[in-house]
Amino acid sequence: ASLKFENMGSTRMMCPQMEFENAYLQTISNVASYTISKNQLILKDNAGNIVALLNKIEPVALEN
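Treat the numbers as computed from the prediction; the structure is a model and nothing was measured.

1. Digging into the pattern of salt bridges
Okay, step 1: Summed over all chains, the structure comprises one salt bridge.
Okay, step 2: With a shortest N-O distance of 3.7 Å, glutamate 58 and lysine 56 are connected by a salt bridge. In this structure, glutamate 58 and lysine 56 share a single accessibility class: exposed.

2. Quick look at the pairing of strand β2 (residues 40-44)
Okay, step 1: Bridge count for strand β1 (residues 33-37) against β2 is five bridges, and the pairing is antiparallel. Bridge pairing links threonine 35 to isoleucine 42 in β2.
Okay, step 2: Counting the residues between successive antiparallel strands, the hairpin from β1 to β2 contains two residues, one of them, lysine 38, with a positive phi of roughly 55 degrees.
Okay, step 3: Where β2 meets strand β3 (residues 50-55), five bridges bridge the pair, whose relative direction is antiparallel. Residue pairing in the sheet places lysine 44 in a bridge with isoleucine 50 of β3.
Okay, step 4: Between β2 and β3, which pair antiparallel one after the other, the connecting turn spans five residues, and glycine 48 there sits at a positive phi close to 90 degrees.

3. Remarks on the packing of aromatic side chains
Both the distance between ring centres and the angle between the ring planes are used here to describe each pair of aromatic rings.
Okay, step 1: The final tally for this structure, using the stated rule, is one aromatic pair.
Okay, step 2: Consider the rings of phenylalanine 20 and tyrosine 24, whose centres lie 6.2 Å apart with planes at 20 degrees: the pair is stacked. With phenylalanine 20 and tyrosine 24 both in helix α1 (residues 18-29) and four residues apart, this pair spans about one turn of that helix.
Okay, step 3: The exposure class assigned to phenylalanine 20 is exposed, which follows from its relative accessible area of 60%.

Conventions adopted
- Residues numbered from 1 in each chain as written.
- Predicted model: local features only at pLDDT ≥ 70, side-chain atom pairs only at ≥ 80, totals over all residues.
- Heavy atoms only, no water.
- Salt bridge = Lys/Arg side-chain N within 4 Å of Asp/Glu carboxyl O.
- Buried < 20%, exposed > 50% of the residue type's maximum accessible area, 1.4 Å probe, protein only.
- Pairing = 2+ DSSP bridges.
- Helix = DSSP H or I, 4+ residues; strand = E, 2+ residues; numbered from the N terminus.
- Phe/Tyr/Trp six-rings, centres within 6.5 Å; stacked < 30°, edge-to-face > 60°.

Have a look at this one:
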């Protein structure tokens, strides 16, 4: 299935993980299609290259 991210916004606040945020936003902007296999979302570019693999995880309840 096709997928395209456009006009994404972010806070662009400086943080220790700024390099990760920049790389993530660049990667997401290159996504053209996706597939879902079991608990994994596979994002691909126009050439069919995998640009990201996202795994589903179950949320963990925080203890008070």
